[in-house]
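# Residue-level structure breakdown
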Amino acid sequence: MVSTLTRANDVQVECKNGKTAEQCPADKAEQLITEEVNNRFWFDKTFNAEREQVFSRLQAEFDQDPWGVCTLRLGPQPTYTVDKQQREVSEMDIFAGGSEMFDAELISLTGNIDLQRADQRLRANQADFNQASGVLDLYGDIIYSDGGMALHSTSAQVNLQNDTSLLRDVSFILPASPIRGSADVVYRDSPTFSRYKEVTYTACEPGNQDWMLHASRMKVNDETGRVAVKHGWMEFKSVPVMYFPYGSFPVDDRRLTGLLTPSFGLSGRTGVDIRLPFYWNMAPNYDLTIAPRYMTERGFMMGADFRYLWNRTFGEIDFEIMPEDQQTKMLRWGGSFQNSTQFTDNLAMNINANYVSDSAYFSDLDGSLGLNNRNRYLQSNANIAYTLPWMAMSARVDNYQNIDPGASDKNVPYRRLPQLKLDMFKSFNQLPLEMGLDSEYVYFQRHFPDGQPQGQRFNIKPTISFPVVSQSGFIIPKVAMQHTQYWLDDQSAGGANSLNKTLPMVSLDSGLFFERDFDSLTHTIEPRLFYLYVPFVDQSELPNFDTSLYDFNYGQLFRDNEFNGVDKTQNANQISAALTTRLVEDGRDRLKLTIGEIFYFADRKVNLVGEQVQTEFLSNLITELSSEITDELKFTSAMQWNFAKNRVNRGNADLRYRGLSNNTILNIGYRFQQQQPEFGRFAQNQVVASAMVPIYDGWSAIGLYRYSILDKKNLEYFVGIEKDSCCWRFRVIYRQFLLSTASGSFGDAEPQNSIFFQLELKGFTSLGEKVDDFLLDNIAGYRKPNY
């Protein structure tokens, strides 16, 4: 029988009385490591050069670099999986430089030991296996890897009978997150429970130690999905920034009860804004988040968010209340209810109910970046729909609330209580024939008596078309008949309670497609003609419940009605002519020019308000010019010329650059618009520029500037800096903007100021508010990071 001396960290010590040979080196090793940790000074690196080399070796164990996702912008992301079923049916291959057997129980392997089974691989310098006890001892340079992790250790003891193990001086990489870390000792007490001593981990790639999470003790329970740490502390840039005596967080995507990361903000309306949310995992299918919030300029607010999920339904209930606003001296509150239920594959119901205590609720309390980015009306609706491939039926109710303190309640849209719709469509594979039906019934109600009509409306519009389509062109004749019936409530003396209109629509849409190849370019010419005839029917007595003018653009040239509702139908005898030409290279429009115009052969006599007759023969001339100059530089422009007034009605031009290799974003644009009350548009003459420019080592400058030449005012600007790396992101943004009135003017509006910051330690937590959506809305070409 040969006895074997177990080593830990290659430290040779003499055993004290009462200690086994296996216990003495381990105790001494832990003592030396503890002294090393205690003697480490601030600004010293946690991982020395030798440890970083170990991480580089572990990183090479994977076919794809776990941190390669930091630079991978397009294409599929790498995946890391573990196939346990394959392991159970696979045999283990053992390779070693030499082997010995003693007393038919102890097997000793030496020299380049390599064990392989399915996706698992284990390498070591020496291994001893006791067949009687089922204990496998590993020594030296130990590396284990599989599809879901890679680790390094200097000594390990594995009990194959009870599936436990003990490892010392461990380094590991979990690629899916990705994270890496180390531990002095790892006790694997069962397949689902592990204990760690003096553990450190980070999401930073090997060679980068910008942030580290340390803990003297850590327990990982895979059954509950919980990680518990004692005496934990966070260091950033080698400086301790936070200590917590105890902490708990999930090890996977399971939800756990506890405090969430606080958020901070600063704005002129709320002052310093602090949220400290608490999450309560009430059951696997429903939870509750309670979010106390304090604003130095407003006071205390309490919010709650309840979510639920069942087999065919899910939803969310939000509520927040401020007992007394320090500025307005009033109770303020808001609530919402969202629900989605799929009764069957064809039958579904959705609810979106929202209400706030006053019209200034969002502008005063919605945070530093949410202002000026919301509609003027808060909508609530509920609908139930039954759909088939050829038919759709639905019932819906709508309500609107004014949330613009500068707008009048008289302009709030009508309620729909209810709206019933039946739409059908049928095409025939062997025939150039398509049939359709649009129909609806609506009861419109005002929010309060204001003299405007209310009542019922029924509309039905059957259509039939005969499309003939080929690769070289198309021609689509179409015939429709529209009938609209009204039953009005409480009409004034002399006014009719029952009104209606009936009118046919005839159209002919046609187009051709020509192309010719020139070396690497393809030149196309695409003419299109659209004829529309709708007779005149007097609609001056009909109410206008929900109809407005479509914005006039290229798509409007080919519609059968210039109004976007059924209350008004414009008479028409007109031809729309358009021509598009392109120079295409590798699927990209290197140059695209479009012109289009409507030729009117009859006066347009239907208006939203009044009886003014439009007698122009020509519509605005629409021109659009764009070019993908390079894969990084793009130019777009559009202009509308009014022949009657001999002037430009609208125009815009944008030049956008987005670097594919350096992530630089540069945008500059110009907007011009004459006042157009019929479209609800105000005069506009603005210049806007935005940018995101890398500076050095992941630092970037971000900003936007919007200036009104007409008002001679800065409408909005924000400036900030951003640091983005694979393991952390930091942003600071200062914003100033003006809130426009309902008339579109800025008048004596006072600038609104806010400061925002965000610190995100990737793989661990985020402090501050998310700013990605704000940048998406304001910087063209910006993309949310996918890591």
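Residues numbered from 1 in each chain as written. Predicted model: local features only at pLDDT ≥ 70, side-chain atom pairs only at ≥ 80, totals over all residues. Heavy atoms only, no water.

## Some points on the overall build of the protein chain
Threshold: Strands here are runs of E lasting at least two residues and helices are runs of H or I lasting at least four, both read from the DSSP assignment and numbered beginning at the N terminus. Residue exposure (1.4 Å probe, protein chains only): buried if accessible area is under 20% of the type maximum, exposed if over 50%, otherwise partly exposed. Two residues form a contact once any of their heavy atoms are found within 4.5 Å. Every accessible area reported is derived by Shrake-Rupley at a probe size of 1.4 Å, with residue values counting cover from the shown protein chains alone.
The helix and strand inventory of the protein chain stands at 5 helices and 43 strands. Expressed as a percentage of the 787 residues in the protein chain, the buried residues total 39%. Of all intrachain contacts in the protein chain linking residues separated by at least 6 positions in sequence, the fraction that spans at least 24 positions is 47%. Accessible area of the protein chain: about 42000 Å², with a carbon and sulfur share of 55%.

## Focus: unusual backbone geometry
The residue after L417, namely P418, is reached through a cis peptide bond having omega 0°. By secondary structure assignment, the location of P418 is in strand β24 (residues 415–427). Phi is positive for A118, which is not a glycine, with a value near 50°. The topology assignment puts A118 in the loop between β3 (106–117) and β4 (120–130). Accessibility expressed as a relative area gives 44% for A118, which makes it partly exposed.

## Some details on the environment of R57
Heads up, the rule is: Within 3.5 Å is the distance limit for a polar contact, defined as a pair of N or O atoms, with the added protein rule that one can donate a hydrogen and the other accept it, and that residues adjacent in sequence qualify only through two side-chain atoms.
With respect to the helices and strands, the residue R57 is situated in helix α2 (residues 49–59). By relative accessible area, R57 is classed as partly exposed at 37%. Between the C-alpha atoms of R57 and A150, which are 93 residues apart in sequence, the distance is 9.5 Å. Those residues in contact with R57 that lie beyond four places of it in its chain are D141, I143 and H152. One polar contact links R57 to D141, side chain to side chain, over a distance of 2.8 Å.

## As for the pairing of strand β14 (residues 263–267)
Test applied: If DSSP finds at least two bridges between two strands, the strands pair.
Of the two faces of β14, only one is covered, namely that formed by S263, G265 and S267; the face formed by F264 and L266 stays uncovered. The sheet contact formed by β14 and strand β15 (residues 271–275) spans 5 bridges and is antiparallel. Bridge pairing links F264 to I274 in β15. Once β14 ends, the chain turns through 3 residues before running back antiparallel as β15. Bridging between β14 and strand β42 (residues 752–761) involves 2 bridges; their strand directions are antiparallel. From the neighbouring strand, S267 faces β42, where its bridge partner is S754.

## Observations concerning a nonpolar patch on the surface
To be explicit about the condition: To count toward a patch, a residue needs a relative accessible area above 30% and no salt bridge. Like charges then connect within 9 Å, nonpolar side chains (Val, Leu, Ile, Met, Phe, Trp, Tyr) within 5 Å. Each salt bridge in this description consists of a side-chain nitrogen of Lys or Arg and a carboxyl oxygen of Asp or Glu lying within 4 Å of one another.
Where nonpolar side chains cluster on the molecular surface, the patch consists of L512, F514, I525, L579, L591, L593, I595 and L625 and spans about 630 Å² of accessible area. With respect to the helices, strands and loops of the structure, L593 is situated in strand β33 (residues 588–600). Assessed through its relative accessible area of 38%, L593 is described here as partly exposed.

## As for the packing of aromatic side chains
For clarity, the cut-off: Only rings of Phe, Tyr and Trp enter the pairing, Trp through its six-membered ring, and a pair is recorded when the two centres are within 6.5 Å. The plane angle decides the type: under 30 degrees is stacked, over 60 is edge-to-face, the rest tilted. Counting as a charge over the ring demands two things of the Lys NZ or Arg CZ atom: a distance within 6 Å of the ring centre and an angle within 35 degrees of the ring normal.
Per the counting criterion, the structure on display carries 21 aromatic pairs. Ring geometry for Y486 and F545: centres 6.1 Å apart, planes at 45°, overall tilted. Taken as a pair, Y486 in strand β28 (residues 473–488) and F545 in the loop between β31 (521–534) and β32 (572–585) lie far apart in primary sequence, 59 residues in all. For the pair Y486 and F545, a shared accessibility class is recorded, and that class is buried. Here the aromatic cluster, defined as three or more aromatic residues joined through ring pairs, consists of Y286, F306, Y308 and W310. Above the ring of F55, the side-chain terminus of R180 is found at 4.7 Å from the ring centroid.

## Some thoughts on the environment of Q327
If you trace the backbone, Q327 turns up in the loop between β19 (313–322) and β20 (332–342). Classification of Q327 by relative accessible area gives partly exposed; the value is 45%. Once the C-alpha coordinates of Q327 and R269 are considered, the two residues, 58 residues apart in sequence, prove to be 9.8 Å apart. Residues within four places of Q327 in sequence aside, it is in contact with R269, E297 and R298. For Q327, the side chain forms a polar contact with the main-chain oxygen of E297, separated by 3.4 Å.

## A few points about the nonpolar core
Heads up, the condition is: Put simply, a nonpolar core is a bunch of buried Ala, Val, Leu, Ile, Met, Phe, Trp, Tyr and Cys residues held in one set by side-chain atoms that sit within 4.5 Å of each other.
In this structure, L138, Y196, W211 and M218 are the most contacted members of the largest nonpolar core, which totals 36 residues. In terms of residue count, strand β10 (residues 211–221) provides more of this core than any other element does, 5 residues in total. Leave out the neighbours within four places in its chain, and W211 touches Y201, T202, A203, C204, M234, E235, F236, C727, W728, L761, K762 and F764. If you look at the next biggest cluster of nonpolar residues, it comprises 14 residues, including M505, L532, V534 and L557.

## A word on the pairing of strand β39 (residues 699–708)
With 10 bridges connecting them, strand β38 (residues 684–696) and β39 associate as antiparallel partners. Note on β39: the bridge partner recorded for V693 is A701. What sits between β38 and β39 in their antiparallel hairpin is a turn of 2 residues, with D697 showing a positive phi close to 50°. Note that β39 and strand β40 (residues 713–724) share 10 bridges and pair antiparallel. Across the sheet, residue I702 finds its bridge partner in β40, namely G720. Between β39 and β40, which pair antiparallel and follow one another directly, the connecting turn spans 4 residues, one of which, K712, has a positive phi of 55°.

## Here we look at the environment of A385
Checked against the element boundaries, A385 lands in strand β22 (residues 377–388). Along the backbone, A385 and R396 are 11 residues apart, and their C-alpha atoms lie at a distance of 8.6 Å.

## Observations concerning the pattern of salt bridges
Throughout the structure, instances matching the rule amount to 41 salt bridges. For D509, the salt bridge goes to R528, with nearest N and O atoms at 2.6 Å. Of this pair, D509 sits in strand β29 (residues 498–512) while R528 sits in strand β31; the two residues are 19 residues apart in sequence, bridging distant segments of the chain. Its relative accessible area of 11% is what places D509 among the buried residues. Between R729 and D724 there is a salt bridge; the shortest N-O distance is 3.4 Å. In terms of burial, R729 and D724 fall into one category: buried. Connected via shared salt-bridge partners are R396, D398, R416, E440, R457, D546 and D567.

## Here we look at the side chain of H214
For H214, the position within the fold is in strand β10. There is a polar contact of 3.4 Å between the side chain of H214 and the side chain of E235.

## Notes on α2
Under the convention used in this document: Regarding the arc, it is the one traced by the directions from the helix axis to the C-beta atoms.
Listed in full, the buried residues belonging to α2 are R51, E52, V54, F55, L58 and Q59. With its buried residues spanning 155° around the axis, α2 presents them on a single face. Looking at α2, the residues exposed on the side facing more than 90 degrees away from the buried face are A49, E50 and Q53. Elements that come into contact with the buried residues of α2 comprise β5 (135–145), β6 (150–159), β7 (164–174) and β8 (179–190). One side-chain oxygen of the residue at the start of α2 lies 3.2 Å from the amide nitrogen of E50, identifying that residue as N48.

## Some points on the confidence of the model for the protein chain
Defined as follows: Residue-level confidence of the predictor, termed pLDDT, takes values from 0 up to 100.
In this model, the protein chain carries an average pLDDT of 85, and 88% of its residues clear a pLDDT of 70 or more. Here residues 1–37 is a poorly scored stretch, pLDDT under 50, and it has 44 contacts once near neighbours within four places are set aside; other chains count. In the model, residues 368–373 has pLDDT below 50 throughout and makes 22 contacts with residues more than four positions away in sequence or in other chains.

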